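# Descriptive structure summary
Each chain, written out:
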Amino acid sequence: MEILGIDIGGSGMKGALVNIETGELTTERYRIPTPASRKPEDMAKVFKDLVNHFNYEGSIGCGFPTIIKHGVCKSVSNLNKGWLNLDTQKLFSNACGQPVTVINDADAAGYAVMNYGIGKDENGFVIMITIGTGIGSGAFYNGKLIPNFELGQIPYKKFKKIEHWTADSIRQKEHLSFKRWGKRLNTFLELVDTIVCPDLIILGGGVSKHYKKYEKQIKIETPVKPANLGNHAGIIGAAAAVLKEK
Ligand code: BGC
């Protein structure tokens, strides 16, 4: 069975068809830059364009970069304030004329690694951390999602949220070496370890493929592994959410 998965981020909106039995992409990934306004109406138009690109009819799964409670956006995060309390499922379903299941993007990426990737046989408490424009986290206990863990929101020193100091967007903006940025990531992971004490931490997002370049800076006792689904975890997990969230 093939399902269209759409991964919405602060800089790009991406989609592909996913074979839900194997977790493999059955089409090329298609990406449209997130509109600079990051407003609901502009992003809904891009959502529709993504669906049209695949000429797809059927249920769609979507990962969205804010807290999502039963389809409703409960934080603005790195988007426009017009999103707050908006029913994202209704908005996207109306835009494309198909049923859409929306969950938090890090929860979606977590579904992918826990079902098809490196977390597949992992029991206990696993935290998936996605590092991109912001920092997301998906929490799984014995393979079951506990939605909307927001570990990137931990305040740190003068920063309202630690993601404003540790996200990959900050590494790029401040032109930090992997070594310097890796130390920041380690500080964040130390806090995660102290607060929620997981059995395993999986790192996702584009920067996870460079893990070797900052592995030495990661000094926490809890095992840390980079995700192994490349750039596609968000899309794969979004598609999986259609069945998981039923
Ligand atoms: C948001 C999270 C999201 C993460 C990654 C954070 O700013 O609060 O909900 O998962 O960014 O996109």
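All values reported here derive from a predicted model rather than from experimental measurement. (Residues numbered from 1 in each chain as written. Predicted model: local features only at pLDDT ≥ 70, side-chain atom pairs only at ≥ 80, totals over all residues. Heavy atoms only, no water.)

## Brief notes about the pairing of strand 2 (residues 12-19)
Consecutive side chains along a regular strand alternate between the two faces of the sheet. What counts here: Exposure is judged per residue with a 1.4 Å probe applied to protein chains only, and the accessible area is read against the type maximum: over 50% gives exposed, under 20% gives buried, and values in between give partly exposed. Numbered from the N terminus, helices here are DSSP runs of H or I no shorter than four residues, and strands are runs of E no shorter than two. Any two strands between which DSSP finds at least two bridges are classified as paired.
By the criterion of burial, strand 2 is predominantly enclosed, with eight of the eight residues buried. Along strand 2, one buried face is formed by Gly12, Lys14, Ala16 and Val18 and the opposite face, lined by Met13, Gly15, Leu17 and Asn19, is buried too. In this sheet, strand 2 lies alongside strand 1 (residues 2-8) in antiparallel orientation, the contact comprising seven bridges. Paired with Ile8 across the bridge in strand 2 is Met13. Connecting strand 1 to the antiparallel partner strand 2 that follows it, the hairpin turn spans three residues. With four bridges joining them, strand 2 and strand 4 (residues 30-33) adopt antiparallel strand pairing. Residue pairing for strand 4: Gly12 is matched across the bridge by Pro33. Relative to strand 3 (residues 24-25), strand 2 is paired through two bridges, and the arrangement is antiparallel. The residue bridging Val18 from the neighbouring strand is Leu25, located in strand 3. Connecting strand 2 to the next strand, strand 3, in antiparallel fashion are four residues, including Gly23 with a positive phi near 80°.

## Here we look at the domain arrangement of the protein chain
Condition: An automatic or database domain assignment supplies the residue ranges for each domain. Contacts were defined at the residue level, with two residues in contact if any of their heavy atoms lie within 4.5 Å. The term buried area means the drop in 1.4 Å probe accessible area that two parts suffer when joined, counted for both and summed. By salt bridge we mean one thing: a side-chain nitrogen of Lys or Arg within 4 Å of a carboxyl oxygen of Asp or Glu. Polar contacts, as used here, are pairs of N or O atoms within 3.5 Å; protein pairs need one atom able to donate a hydrogen and one able to accept it. Residues neighboring in sequence count only if both atoms are side-chain atoms.
The domain architecture assigned to the protein chain consists of domain 1 (2-107 + 232-244) and domain 2 (121-227). Tallying the contact residues gives twelve residues for domain 1 and 15 residues for domain 2. Summed over both partners, the interface of domain 1 with domain 2 comes to about 910 Å²; 45% of that surface belongs to carbon and sulfur atoms. For the domain 1 face of the interface with domain 2, the top three residues by lost area are Asn78, Ala106 and Asp107, together amounting to 55%. The tally of links between domain 1 and domain 2 comes to zero salt bridges. Our enumeration of links across domain 1 and domain 2 arrives at two residue pairs in polar contact (both at pLDDT 80 or more).

## Some details on the nonpolar core
Rules: By convention a nonpolar core is built from buried Ala, Val, Leu, Ile, Met, Phe, Trp, Tyr and Cys residues, the set being connected through side-chain atoms within 4.5 Å.
Residues Ile8, Phe47, Ile60, Phe64 and Phe92 are the most contacted members of the largest nonpolar core, which totals 52 residues. Taken domain by domain, the makeup of this core includes at least three residues from each of domain 1 (2-107 + 232-244) and domain 2 (121-227). Once residues within four sequence positions are removed from consideration, Phe47 is found in contact with Ile6, Ile8, Met13, Ile60, Cys62, Phe92, Cys96 and Val100.

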